[in-house]
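Okay, here's what each chain looks like letter by letter:
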Amino acid sequence: MLKIRNLQSGYGNLRVLKGISMHINPGEIVAIIGANGAGKTTLLNTLCGIIPLQSGEIIFNNNNISNTSAEKIVQKGCSLVPEGRQIFDILTVKENLLLGAYTLRKKLNHSSYDYKKILRNEIEKIYSLFPVLKEREDQLGGTLSGGEQQMLAIGRAMMARPDLIMLDEPSMGLAPVIVNDIFKTIIQLREQGKTILLVEQNAKAALNIADRGYVIETGQIVLEESSEGLLNNNDVQRAYLGKDYKSIDEL
């Protein structure tokens, strides 16, 4: 579904990514782990068109999107759940979700009547996944708890009907019990046919639900392995996992 070849990008004269090559197959959950400042967020922001690439190639669903705008990348089926959630505090839950469908009408090219019906159906799918959001439908986004805001951020990304969902640090700042719920939701999304690219500081939780993983250090991929292989790698354990970690069966 996604192929990245020798990707380089950064900010002005600062090169953060230094030749990233990786791939994601349809239906996979792929985790990217690494220390703060390694380039994880820069990678996602480059893939979704927020940061222009300096060189290299991004192929998504057999289309070259290397120099494509963020809006068109969403239309093509790739959505980002950004670090820190970044919902609109002064808009209601429902309004936040509707904004997530901004590109959907162009993508579907339906009449106004059909589009409204489709929107209602998409919102109901989000409420089915996150019932608390239905309860909070008319509540301002800024008044939600951190976990509810993360659910809303995921729901907003799903409103565009993406094939690939990229999540940037979805567990950040959340209580452990909420983190468990969020990661169970990610598994549900894969069961619904979504492909997931997961950037996560909590390497234990990420690798426990992922099929494969990449380790990124100073803007370069230094290791690619199955999740089981990374969990059993002594260097990865020392650097990212600590002495003990829970399996997904314990979440």
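Thresholds applied
Residues numbered from 1 in each chain as written. Predicted model: local features only at pLDDT ≥ 70, side-chain atom pairs only at ≥ 80, totals over all residues. Heavy atoms only, no water. Salt bridge = Lys/Arg side-chain N within 4 Å of Asp/Glu carboxyl O. Helix = DSSP H or I, 4+ residues; strand = E, 2+ residues; numbered from the N terminus. Buried < 20%, exposed > 50% of the residue type's maximum accessible area, 1.4 Å probe, protein only. Polar contact = N/O pair within 3.5 Å; in protein donor to acceptor, adjacent residues only side chain to side chain. Pairing = 2+ DSSP bridges. Expected span 1.5 Å × (residues − 1). Arc of directions from axis to C-beta.

Caption draft 1: Main features of the pattern of salt bridges. Under the criterion given, the structure shown has 10 salt bridges. The partner of E124 in a salt bridge is K134, and the shortest N-O contact between them spans 3.7 Å. Here K134 lies in helix α6 (residues 131–135) and E124 lies in helix α5 (residues 112–129), a separation of 10 residues in the sequence. K134 gets classed as partly exposed once you look at its relative accessible area, which sits at 44%. Each of E28, R212 and E224 takes part in a single network of salt bridges with overlapping partners.

Caption draft 2: Spotlight on the side chain of Q8. By the element assignment, Q8 lies in strand β1 (residues 2–11). Within the structure, the side chain of Q8 is placed 2.6 Å from the side chain of R15, a separation counted as a polar contact.

Caption draft 3: Seen up close, the pairing of strand β4 (residues 53–60). Note that β1 and β4 share six bridges and pair antiparallel. Following the sheet pairing, K3 is matched in β4 by I59. The sheet contact formed by β4 and strand β5 (residues 63–64) spans two bridges and is antiparallel. Opposite F60, over in β5, you have N63 as the bridge partner.

Caption draft 4: Focus on helix α8 (residues 176–191). With 16 residues, α8 extends 23 Å from end C-alpha to end C-alpha; this agrees with the ideal 22 Å at 1.5 Å per step. Taken as a whole, α8 has its buried residues at V179, I182, F183, T185, I186 and L189. Taken down its axis, α8 places every buried residue within 150 degrees of arc, on the same side. Residues of α8 that are exposed and angled more than 90 degrees away from the buried face: P176, V177 and E191. Just beyond α8, the residue with positive phi is G193, at close to 100 degrees.

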